[in-house]
Amino acid sequence: MAFFDVASGAPLHPVARQALLASLDEGWADPGRLYREGRRARLLLDAAREAAAEAVGCRADEVVFTSSGTRAVHDGVAGALAGRRRVGRHLIVSAVEHSSVLHSADAFEAGGGAVTRVGVSRAGAVDPSAYAEALRTDTALACLQSANHEVGTVQPVAEVAGACRAAGVPLLVDAAQSLGWGPVPEGWSLLTASAHKWGGPSGVGLLVVRKGVRFAAQGPGEERESGRVSGFGNIPAIVASVAALRAVRAEADAEAVRLRELTERIRARVPRLVPDVEVVGDPERRLPGIVTFSCLYVDGEVLLTELDRAGFSVSSGSSCTSGTLTPSHVLKAMGVLSEGNVRVSLPSGVASEEVDRFLEVLPGVVAGVRSQLGAPEPRVEERAAELVVDSLGKRCPIPVIELAKVFPDVPLGGTVRVLSDDEAARLDIPAWCEMRGQEYVGEEEAERGTAYIVRRVSQSEGPR
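Residues numbered from 1 in each chain as written. Predicted model: local features only at pLDDT ≥ 70, side-chain atom pairs only at ≥ 80, totals over all residues. Heavy atoms only, no water.

### Thoughts on the pattern of salt bridges
And then number 1: Within the structure shown, the criterion is met by 27 salt bridges.
And then number 2: R265 is paired through a salt bridge with D356; the nearest N and O atoms lie 2.8 Å apart. Here R265 is found in helix α7 (residues 235-273), whereas its partner D356 is found in helix α10 (residues 352-373), with 91 residues between them in sequence.
And then number 3: Exposure remark for R265: the relative accessible area of 18% places this residue in the buried category.
And then number 4: For R269, the salt bridge goes to D356, with nearest N and O atoms at 3.8 Å. A residue pair is termed long-range when its members are at least 10 positions apart, and R269 in helix α7 and D356 in helix α10 qualify at 87 residues.
And then number 5: Judged by its relative accessible area of 28%, R269 is partly exposed.
And then number 6: Judged by relative accessible area, D356 falls into the partly exposed class, the value being 24%. (Salt bridge = Lys/Arg side-chain N within 4 Å of Asp/Glu carboxyl O. Helix = DSSP H or I, 4+ residues; strand = E, 2+ residues; numbered from the N terminus. Buried < 20%, exposed > 50% of the residue type's maximum accessible area, 1.4 Å probe, protein only.)

Structural data, given as structure tokens:
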């Protein structure tokens, strides 16, 4: 079985396993106690903190360990906002942040705060000038991920940090996806990360608060971890997490070169091997091991299931693979195709032959899924130079399939009105137009659902 989903969580690194087993015998006691066992535990914790600080590029007393990356984000955002409440109650986030950041923003907004959500390009990157324009006199905090977890796009952290620094606003960087590859560019004020992203045990997060940043920890006061984190830390897991971070960093430069070659192979060959595919994310400014693409006319859940049967564990941002039945907020913000989405995130040490086998298997799997769908015959009526496709009650990708079926019958300059009540159609029909070189006119309210209008402006029916 090929595990191609390390962006969700990497397997335990061998070095982490060794460190975990070794520290179980030494790090079980309360590090706040003065007896021998407590002093041993304290030495392990202090050494881990020093090593983590070296990897991040900060002081050891700026580092605290949390129970998860999500906990680090929630504590970091809440503490920074509370510490600067006299400045104002305005928060800036990007539209493609990890859900933990967006949930923190939602909670702040529900409590009366103001939130500006900065949009991104079709490649998934923010424009630093958009952050600069969003800054206000009452801005308490800005948040920006170092790299996107779904499409791999690296964000312009240094440029955004410069704009925030000029305005006197702290910047919190979620570095969960990138910290294993190297330090985050300078200029940030707070940083969060999650150990299981780089091969450490799950249940360990990292929160760094620079000296001079106003920070007020929320919740009951605690004496541990500088008063910023509650509860008794898992010292063996912390030691193992930092050991894994140092190990992957030592291999990062050489492994990045190798993984970039493999992901470029996927980016280049998938569109040639599989028709009607959109590769998403920035083609240059990206993490080494992540590549994401979306397939027209494919149910994402079925596709992932079939790839699993073929021996490949991958992830997806398609609406049909989630419990909410709504498209990934990242893909939605980018305005790219959401259905049939596949995220491949390669582990360190993956064999080139495994990637080649994935490329051999993928075309047949996609073709099989498209065949299984057996898109129902659309009900079509002619209305002057317009065709109407009734796809009400049908989940994507069926509305797009039905659009594609009738489009050859549309004269140049004619239109198709697709009726749909599936939210994903709002993304996928414009994406289909972009891929086919046709004009997406817009949407209108219909008696039921929404009417999406497409105009034929090109004789070509194939991808551009």
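### Some remarks on the environment of R42
And then number 1: By secondary structure assignment, the location of R42 is in helix α2 (residues 36-56).
And then number 2: With relative accessibility at 38%, the residue R42 sits in the partly exposed group.
And then number 3: Counting along the chain gives 29 residues from R42 to H13, while the straight-line C-alpha distance between them is 24 Å.

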